[in-house]
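# Commentary on secondary and tertiary structure
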Amino acid sequence: TTVRLKEPKDFVFIGKHVPRTDSVAKSNGTAVFTSDVKLPGMLTALVAHPPRFGAKVKRFDAAGVLGLPGVRYVVEVPNGVAVVATSFWAAKRGRDALKVEWDETAALKVSSADLFADFRRLAATPGTVARSDGDAAKALAGAARKVEASFDFPYLAHAAMEPLDCVVRLDADRCEVWNGEQFQTGDQYAVARAVGLPPEKVALNMLYAGGSFGRRANPASDFVIEAASIAKALAVPGKPGVPVKLIWTREDDMKGGYYRPAYVHALAAGLDAQGNVTGWQHRIVGQSIVAGTAFEAEMIKDGIDATSVEGASTLPYDIPNLRVELHSPKVGVPVLWWRSVGSTHTAYSTETFVDELAAAAGKD
């Protein structure tokens with residue numbers, strides 16, 4: 001019931017300079033990233049992923065691949081075909097020579113133009129209400145002046161400086177992982193399921209990551225499962241596991257990753273004769289990043305993905321009549337949080353619109 005503040009003389013950190021623990025290692029090159037990991041007998045793997053989202057491997061021909069210098073194995077994994085070799089370049093040449101026929105029965109074939117046209121049509125219709133203060137429709141109808149604006153936001157790749165990579169060594173009763181981790185518990189359980197071991201038999205060695213921005217914290221644990229699946233495919237009963245380093249190239253990362261969703265925002269506001277904002281309506285159209293994940297029950301309430309509307313439904317300005325609505329269409333593009341999540345798009349749309357309202361009202 002009584003809180004006694006600590007005396008300044010007893011402060012441990014406040015007011016003192018505390019150096020970062022990673023500064024020296026990152027400055028002199030001794031910091032270990034996944035790309036730096038070298039284990040005895042380690043092989044390198046690259047995966048041929050589907051050219052369209054939702055496509056699957058129909059068949060593949062490794063005849064011209066296994067004879068190439070350095071190539072050791074060609075194995076199918078959940079989302080493609082892996083070429084495993086003694087070096088990155090050998091694996092890259094092997095993958096380039098690999099012939100894969102894809103089953104595109106369930107593949108996404110919509111164009112960006114069609115997708116945005118659909119989004120704009122939705123933005124012109126009422127959506128699920130994320131926030132409703134006062135009567136925005138009435139305020140807009142009675143406004144001395146009405147201002148409208150729309151904003152299109154494209155899909156955004158995380159584009160980390162270090163593309164995705166992961167090292168896995170699978171033995172009979174233990175699996176060890178080396179990577180720049182962002183999602184330890186989820187990845188540990190996902191790897192355990194992939195290799196058929198209990199989670200306590202999966203050890204994660206957390207390394208530095210050359211940027212992640214949320215990409216390595218993927219509820220699907222996609223690239224980690226991919227690395228584990230390759231290690232499992234190479235496992236031979238009774239023999240020690242072969243360490244495998246999975247590497248995604250820059251092209252792999254940009255074309256086959258998970259993206260900040262595309263969005264369309266439609267805003268309308270009413271001004272009175274003095275240029276004050278009397279009403280504000282904001283409609284957002286874009287995929288949910290938590291639908292279908294373990295976070296759905298916690299983060300989607302009454303049909304609203306909080307990450308889609310944060311920054312808009314939490315608008316701090318004193319506007320008496322404010323309404324925010326959301327459409328969450330289902331599109332077959334894999335999506336994920338991207339650093340600052342919802343505010344990557346809501347902050348731009350709301351703040352730019354405020355500027356436009358100020359200009360319309362002749363105000364600062």
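Structure: above.
In this report, we go over the structure that sits alongside the text. (Residues numbered from 1 in each chain as written. Predicted model: local features only at pLDDT ≥ 70, side-chain atom pairs only at ≥ 80, totals over all residues. Heavy atoms only, no water.)

Before going further, it helps to examine the overall build of the protein chain. When you go through the protein chain residue by residue, the secondary structure sums to ten helices and 16 strands. Along the first, second and third principal axes, the C-alpha set of the protein chain runs to 80 × 65 × 35 Å. Long-range contacts, defined as pairs at least 24 residues apart, comprise 80% of the intrachain contacts of the protein chain with a sequence gap of at least 6. (Helix = DSSP H or I, 4+ residues; strand = E, 2+ residues; numbered from the N terminus. Contact = heavy atoms within 4.5 Å.)

Let's shift gears to the sheet that holds strand 7 (residues 145-153). Taken in spatial order, the five strands of this open sheet run 6-16-13-12-7, and their pairing is mixed. This sheet does not close on itself; its edge strands, each paired only once, are strand 6 (128-133) and strand 7. The sheet shows a mean angle of 10 degrees between the axes of neighbouring strands, taken without regard to direction. Judged from the nine bridges that link them, strand 7 and strand 12 (residues 263-271) form a sheet pairing that is antiparallel. Across the sheet, the residue bridging to Ser150 is Ala266, located in strand 12. Along the sheet, helix 3 (residues 112-123) makes contact with strand 7, strand 12, strand 13 (277-286) and strand 16 (321-327), crossing strand 12 at roughly 30 degrees. In this fold helix 10 (residues 343-361) packs onto strand 7, strand 12 and strand 13, with an angle of close to 150 degrees to the strand it touches most, strand 7. (Pairing = 2+ DSSP bridges. Axes fitted to C-alpha atoms, helices over the stretch in contact; angles between N-to-C directions.)

Where strand 3 (residues 71-77) and strand 4 (residues 80-85) come together, six bridges link them in antiparallel fashion. Paired with Glu76 across the two strands is Val81, which belongs to strand 4. Following strand 3, the chain reverses through two residues before pairing antiparallel with strand 4.

A cluster of nonpolar side chains, namely Val12, Phe13 and Val18, defines an oily patch on the protein surface of about 310 Å² accessible area. Mapped onto the fold, Val18 is located in the segment before helix 1 (23-28). (Patch = residues over 30% accessible without salt bridge, like charges linked within 9 Å, V, L, I, M, F, W, Y side chains within 5 Å. Areas by Shrake-Rupley, 256 points an atom, 1.4 Å probe, with all protein chains shown as cover. Salt bridge = Lys/Arg side-chain N within 4 Å of Asp/Glu carboxyl O.)

Right, let's talk about unusual backbone geometry for a bit. The residue Phe213 is not glycine, and still its phi comes out positive at about 60 degrees. With respect to the helices, strands and loops of the structure, Phe213 is situated in the loop between strand 10 (202-206) and helix 6 (222-234).

Here we take up helix 2 (residues 88-97). For helix 2, the full list of buried residues reads Ala90, Ala91, Gly94 and Arg95. Seen from one end, helix 2 has its buried residues packed into an arc of 135 degrees, which puts them on one side. In helix 2, those exposed residues whose orientation departs by more than 90 degrees from the buried face are Trp89 and Asp96. (Buried < 20%, exposed > 50% of the residue type's maximum accessible area, 1.4 Å probe, protein only. Arc of directions from axis to C-beta.)

Below, the discussion takes up the packing of aromatic side chains. If you walk through the whole model with that rule in mind, you get nine aromatic pairs. Ring geometry for Phe33 against Tyr208: centres 5.8 Å apart, planes inclined by 40 degrees, an arrangement best described as tilted. Placement of Phe33 in the loop between helix 1 and strand 1 (43-48) and of Tyr208 in the loop between strand 10 and helix 6 is noted, with a sequence separation of 175 residues between them. Of the residues examined, Phe33 reaches a relative accessible area of 21% and is grouped as partly exposed. Within the aromatic cluster, the residues linked to one another by ring pairs are Phe53, Tyr155 and Tyr259. (Phe/Tyr/Trp six-rings, centres within 6.5 Å; stacked < 30°, edge-to-face > 60°.)

Once that is clear, we can look at the packing of helix 5 (residues 184-195) against helix 6. Contact pair helix 5 / helix 6: the axes reach a minimum separation of 9 Å and the direction vectors enclose 30 degrees. The angle between the axes of helix 5 and helix 6 places the two elements in the roughly parallel class. Considering only the axes of helix 5 and helix 6, their crossing is right-handed. Of the residues in helix 6, those in contact with Asp187, Ala190, Val191, Ala194 and Val195 of helix 5 are Val224, Ile225, Ala228 and Lys232. By residue class, the composition of the contact of helix 5 with helix 6 is seven nonpolar, no polar and two charged. (Parallel < 35°, antiparallel > 145°, perpendicular 65-115°, else oblique. Left-handed = near helix turned anticlockwise from the far one by under 90°. Nonpolar A, V, L, I, M, F, W, Y, C, P; charged D, E, K, R; others polar.)

By themselves these figures say nothing about function.
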